[in-house]
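Report on the structure
Here is how the chains run, residue by residue.
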Amino acid sequence: MFTLFVCSSCHGVMPDADEEAVLIAKPWFFGHGGVDMDPVTTGCTWCFWSTHSETFKITPVRYDENFDDIFSNDNTPLDFSSYINIQIESGKSPILLKNYGVNWYQTNIQVPYRNYTREEVSKYSPFDLISNREVLNDIDNAVMEKMQAHLESLSRDKEFPIKIKSVTTGAARPNKEQLDEMNKTAQAIQAKATQNRQEEMHAAREAAEYARAKADKAYQN
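Given the structure is predicted, the values throughout are model-derived calculations rather than measurements. (Residues numbered from 1 in each chain as written. Predicted model: local features only at pLDDT ≥ 70, side-chain atom pairs only at ≥ 80, totals over all residues. Heavy atoms only, no water.)

1. Brief notes about the pattern of salt bridges
Under the criterion given, the structure shown has 10 salt bridges. Glu159 serves as the salt-bridge partner of Lys92, at 2.9 Å between the closest nitrogen and oxygen. One end of the pair, Lys92, is in the loop between strand E7 (77–88) and helix H2 (93–100); the other, Glu159, is in the loop between helix H6 (133–157) and strand E8 (162–169), and 67 residues separate them in sequence. Owing to a relative accessible area of 28%, Lys92 belongs among the partly exposed residues under this scheme. Here Glu159 falls in the partly exposed class, since its relative accessible area comes to 34%. In the salt-bridge network here, residues are joined through shared partners; they are Glu119, Glu120, Lys123 and Lys146. (Salt bridge = Lys/Arg side-chain N within 4 Å of Asp/Glu carboxyl O. Helix = DSSP H or I, 4+ residues; strand = E, 2+ residues; numbered from the N terminus. Buried < 20%, exposed > 50% of the residue type's maximum accessible area, 1.4 Å probe, protein only.)

2. Considering the sheet that holds strand E3 (residues 34–35)
Overall, antiparallel pairing links the three strands, which are arranged E3-E2-E5 in an open sheet. The open sheet has two free edges, formed respectively by E3 and strand E5 (52–57), since each of these has just one partner strand. With respect to the sheet, H2 is in contact with strand E2 (19–25), E3 and E5, its orientation differing from that of E2 by roughly 50 degrees. (Pairing = 2+ DSSP bridges. Contact = heavy atoms within 4.5 Å. Axes fitted to C-alpha atoms, helices over the stretch in contact; angles between N-to-C directions.)

3. Thoughts on the packing of helix H4 (residues 110–121) against H6
At a minimum axis distance of 9 Å, the contact between H4 and H6 shows a crossing angle of 145 degrees. The interaxial crossing formed by H4 with H6 has right-handed handedness. Contacts between H4 and H6 involve Pro112, Tyr113, Tyr116, Thr117, Glu119, Glu120 and Val121 on the former and, on the latter, Ile139, Ala142, Val143, Lys146, Met147 and His150. By residue class, the composition of the contact of H4 with H6 is eight nonpolar, two polar and three charged. (Left-handed = near helix turned anticlockwise from the far one by under 90°. Nonpolar A, V, L, I, M, F, W, Y, C, P; charged D, E, K, R; others polar.)

4. Examining H2
Across the eight residues that make up H2, a large majority, six, are buried. Inspection of H2 places Ser93, Pro94, Leu96, Leu97, Asn99 and Tyr100 among the buried residues, and these make up the whole buried set. Of the residues trailing H2, Gly101 is marked for its positive phi of about 80 degrees.

These figures come from the coordinates and say nothing about function on their own.
Laid out in structure tokens, this is it:
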């Protein structure tokens, strides 16, 4: 009965090859609980039911952020997407959990990342944000620099064992209302260009007819 009780009171923790599992002990009767600072890396570890675990990817993970109606330097609202690649330092997932919790990204990274991206986007024109890759690279570099400074600031208080691998800002997209206006403008420009070409064709035909008539008159003379 004792063996049956022990076996039925245990469960296995089996992280994948690219993961680390962190054990959080909550003893029922005696001992002390808290975060186990030795992560589970490979294989299977058995622990009591009162102990649960959190799993962390230790390979780079991409976090996508979508922005609606972000204003450019002329207050034109634009939509675009951006993403940040983050990697947890191997062997330090327990430190991350203990210092910043399970929702470390939402609590400490997401808001400043979005704010820094907005700040940089607001410095450029809609044309550059839509089609200029060099401008987008400048935004990426500026946001990356600000995020690194943000991490250093946090780590001075409590270690934040993550690495920002890259920041990528996608090309901006006009929102529906602006896109409709751009389509109308493009149609008007196209109509004007078509009219100009027709007028040029008429003028060329008129010039050709005049030249032919002049040649006929010369022949008659």
